[in-house]
Amino acid sequence: MSSPVTYRLDDGVAAITMDDGKVNVLTLAMFEAVNRALDQAETDRAAVVLAGRPNVFSGGFDLRVLMAGGPDAARLILTGFRLGERLLSFPAPVVTACAGNARAMGVFLILASDYRLGAVGDYTVQANEVAIGITMPYFAIEICRQRLTPAHFNRAVIHSESYAPDAAVAAGFLDRLVPAAELADAARATAQSLAELNRPAFKATKLRARAASLEAVHTAIAADEASFQALA
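Attention here is on the structure that accompanies the text. Note that the coordinates shown come from a computational prediction; the quantities given were computed from them, not determined experimentally.

In the structure shown here, the tally under the stated rule is 11 salt bridges. Asp19 serves as the salt-bridge partner of Arg53, at 2.6 Å between the closest nitrogen and oxygen. Within this pair, whereas Arg53 is found in the loop between strand 4 (47-51) and strand 5 (56-58), its partner Asp19 is found in the loop between strand 2 (13-18) and strand 3 (25-26), the two being separated by 34 residues in sequence. Asp39 serves as the salt-bridge partner of Arg86, at 2.6 Å between the closest nitrogen and oxygen. Note that Arg86 is positioned in helix 3 (residues 70-88) and Asp39 in helix 1 (residues 28-44), a separation of 47 residues in sequence. In this structure Arg86 comes out as buried when scored by relative accessible area, which is 18%. Each of Asp39, Glu42 and Arg86 takes part in a single network of salt bridges with overlapping partners.

Taken as a whole and assessed by the stated rule, the structure comprises 5 aromatic pairs. Between the aromatic rings of Phe31 and Phe61, the centroid separation amounts to 6.0 Å while the plane-to-plane angle is 75°, which identifies the pairing as edge-to-face. Linking Phe31 in helix 1 with Phe61 in strand 6 (residues 60-61), this pair joins segments that are 30 residues apart in sequence. For the pair shown, Phe31 and Phe61 are each scored as buried. With a centroid separation of 4.4 Å and an interplanar angle of 25°, the aromatic rings of Phe81 and Phe139 are classed as stacked. Of the two residues, Phe81 is situated in helix 3 and Phe139 in helix 5 (residues 138-147); the sequence distance between them amounts to 58 residues. The residues Phe81 and Phe139 share a single accessibility class, namely buried. An aromatic cluster of at least three residues, connected via ring pairs, comprises Phe31, Phe61, Phe81, Phe108 and Phe139.

Relative to the helices and strands, Ser113 resides in the loop between helix 4 (105-111) and strand 9 (115-119). Owing to a relative accessible area of 0%, Ser113 belongs among the buried residues under this scheme. Between the alpha carbons of Ser113 and Arg86 there is a distance of 9.7 Å; along the sequence they are 27 residues apart.

Here strand 1 (residues 5-10) pairs with strand 2 via 6 bridges, running antiparallel. Across the sheet, Leu9 pairs through a bridge with Ala14, a residue of strand 2.

Pairing in this open sheet of 3 strands is parallel, and the strands run 5-8-10 from one edge to the other. On the outer flanks of this sheet lie strand 5 and strand 10 (125-126), each paired with one strand and no other.

Rules used throughout
- Residues numbered from 1 in each chain as written.
- Predicted model: local features only at pLDDT ≥ 70, side-chain atom pairs only at ≥ 80, totals over all residues.
- Heavy atoms only, no water.
- Salt bridge = Lys/Arg side-chain N within 4 Å of Asp/Glu carboxyl O.
- Helix = DSSP H or I, 4+ residues; strand = E, 2+ residues; numbered from the N terminus.
- Buried < 20%, exposed > 50% of the residue type's maximum accessible area, 1.4 Å probe, protein only.
- Phe/Tyr/Trp six-rings, centres within 6.5 Å; stacked < 30°, edge-to-face > 60°.
- Pairing = 2+ DSSP bridges.

Here it is as structure tokens:
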């Protein structure tokens, strides 16, 4: 079976592209492939562009596993959350390129990135946990709290509000929109620009600026893990 993630290094920028041929459901295999690609990017000392397939970023966790519950669901969720924590503290710049629909954990990967580019288009961004009957995990709440504007935090987290691209920028899910045809080039240019910053200073400042957020996220993941153990 081929990997659902491709890795391409070009002039100091690692393009990590998720493509399962459908809606980029986040499975253990997808998470493992993204983590391997990030390992390679660290080895290559590359800035990262994380992208989805054309017209979709990610539909979020594999709902078949999620709704079945049990150890497999807990493992899947915690693996995703730890990947989000890794992106939040990644030593090199991470740019996401959102070309289409993003849901749940797909949204949280976007929020964990350093710079979030979206395509102009007919799609939505939504943390849809409450809408589908799932209590928002502690990690999800904290990653949303870190990046969303106060005016939209409750609307996004508690009300599961769905955001069109321009509204997603206003809410804090995305930083900037570009025409869909220009998204890949714009993401690469942004990553190259960030890569020109002094890398040790970038890493140290990122960790210093996000110290409270990273502590809150780490504590949240521990709380989520404890809640799964309590249900076992």
